[in-house]
Amino acid sequence: MHNLNIDLDTFPFYKREIVGGKRVANKCGRDFLYYALTYYLPSKYGKNSSAPSLEQNKKFGTPVSALFAWTMIQFRKMPQYLISEGLGLSINGNKIRSFSDFIKAILFSRMGLEQALCTIETAIDEGRTPGVDISIAVGGLLDHVMFVYGYDEDNLYVFETTEAPIKYVNMDPRYPQVMKLSKEEIKKRWTRFGRVWEVSNVDTMLDSLKK
């Protein structure tokens, strides 16, 4: 398996927070970004194994209930926040430098499955953090993004924080949140709304813009 340079024994995994006896929904994008922050800035974001705090949610944007997650305003400040930490986000190869860039990429960017898998594998080989965003219902209008830790010929290995209706399996009870997700399952769930999220150092992002 090819994987990011992450020590699974010390990485601060967490489970999605529970409010009112129910696990909070529609926070997968935040969870992916928080894991990326933890990967790049472990001394700042890897100090505990709890879920991202409400304060962290506010740094990304305006917190909303799961019912209004479609508005995306919970990510209103996220692009600039990442940049302030020396990081940049891209979605399907589109560099996200503002909230409007983010909305455009979410709504209009397209990437085929083979290109998506190649992009993810290249990111891991080069030490960047990719996320795979696949359909869970309604032809991709309801989706789920997961932090990708590694890959082999037939599978991706993702970090999960909640329970999603996806056919993935845990391979090691020592790391219950590391799931094996087959490329065949990704193929079944890949739609025109399929996306690859990627967080990289700003310098790397700027270099790619010059090419």
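In what follows, the structure referred to is the one given above.
Attention in this report is confined to the structure presented alongside it. Since we're looking at a predicted model, the values are computed, not measured. (Residues numbered from 1 in each chain as written. Predicted model: local features only at pLDDT ≥ 70, side-chain atom pairs only at ≥ 80, totals over all residues. Heavy atoms only, no water.)

**Description of the overall build of the chain**
Move 1: When helices and strands are tallied, the chain shows 8 helices and 11 strands.
Move 2: The C-alpha radius of gyration of the chain comes to 16 Å, within 12% of the 17 Å expected for a compact globule of 211 residues.
Move 3: Along the longest, intermediate and shortest principal axes, the C-alpha atoms of the chain span 45 × 40 × 35 Å.
Move 4: Out of the 211 residues in the chain, the part that is buried amounts to 51%.
Move 5: Considering only contacts in the chain between residues 6 or more positions apart, those separated by 24 or more positions represent 60%.
Move 6: Of the accessible surface of the chain, which amounts to about 10600 Å², a share of 54% is contributed by carbon and sulfur atoms.
Move 7: Here the chain carries 28 positive and 24 negative side-chain charges, and the mean point of each set is 8 Å from the other. (Helix = DSSP H or I, 4+ residues; strand = E, 2+ residues; numbered from the N terminus. Rg over C-alpha atoms; globule rule 2.2 N^0.38 Å. Buried < 20%, exposed > 50% of the residue type's maximum accessible area, 1.4 Å probe, protein only. Contact = heavy atoms within 4.5 Å. Areas by Shrake-Rupley, 256 points an atom, 1.4 Å probe, with all protein chains shown as cover. Lys, Arg positive; Asp, Glu negative; His and termini not counted. Charge placed at Lys NZ, Arg CZ, Asp CG, Glu CD.)

**Observations concerning a nonpolar patch on the surface**
Move 1: Together, L67, F68 and W70 make up a nonpolar patch on the protein surface, roughly 420 Å² of accessible area in all.
Move 2: Its location among the elements puts F68 in the loop between α3 (54-60) and α4 (78-84). (Patch = residues over 30% accessible without salt bridge, like charges linked within 9 Å, V, L, I, M, F, W, Y side chains within 5 Å. Salt bridge = Lys/Arg side-chain N within 4 Å of Asp/Glu carboxyl O.)

**Some thoughts on helix α6 (residues 113-125)**
It helps to recall that an α-helix has 3.6 residues per turn; residues three or four apart then point in one direction.
Move 1: Relative to the 18 Å expected for 13 residues at 1.5 Å per residue, α6 spans 18 Å between its end C-alpha atoms, a close match to the ideal helical length.
Move 2: Buried residues of α6: L113, A116, L117, I120, E121, A123 and I124, and no others. Buried residues of α6 fall within an arc of 160° about the axis and therefore sit on the same side.
Move 3: Buried residues belonging to α6 abut β1 (2-3), β6 (129-137), β7 (142-151), β8 (155-159), α7 (183-189) and β11 (195-201).
Move 4: The positive-phi residue at the C-terminal boundary of α6 is G127, with phi of around 80°. (Expected span 1.5 Å × (residues − 1). Arc of directions from axis to C-beta.)

**Things to note about the pairing of strand β4 (residues 87-91)**
Move 1: For β4, the tally of buried residues reaches 5 of 5 residues, placing the bulk of the element in the interior.
Move 2: What you see with β4 is no split at all: L87, L89 and I91 on one side and G88 and S90 on the other are buried throughout.
Move 3: Following β4, the chain reverses through 2 residues before pairing antiparallel with strand β5 (residues 94-96); N92 in that reversal takes a positive phi of roughly 50°. (Pairing = 2+ DSSP bridges.)

**Considering the pattern of salt bridges**
Move 1: Evaluated as defined, the whole model comprises 12 salt bridges.
Move 2: Among the salt bridges present, the one from R97 reaches D101, with a minimum N-O distance of 4.0 Å.
Move 3: Accessibility expressed as a relative area gives 43% for R97, which makes it partly exposed.
Move 4: Three or more residues are tied together by salt bridges with common partners; here these are R16, E17, R30 and D31.

**Focus on unusual backbone geometry**
Move 1: Despite not being glycine, N26 has its phi angle at roughly 60°, a positive value.
Move 2: The partly exposed category is assigned to N26, whose relative accessible area is 46%.
Move 3: Positioned with a positive phi, M72 is a non-glycine residue whose angle comes to about 70°.
Move 4: By the element assignment, M72 lies in the loop between α3 and α4.

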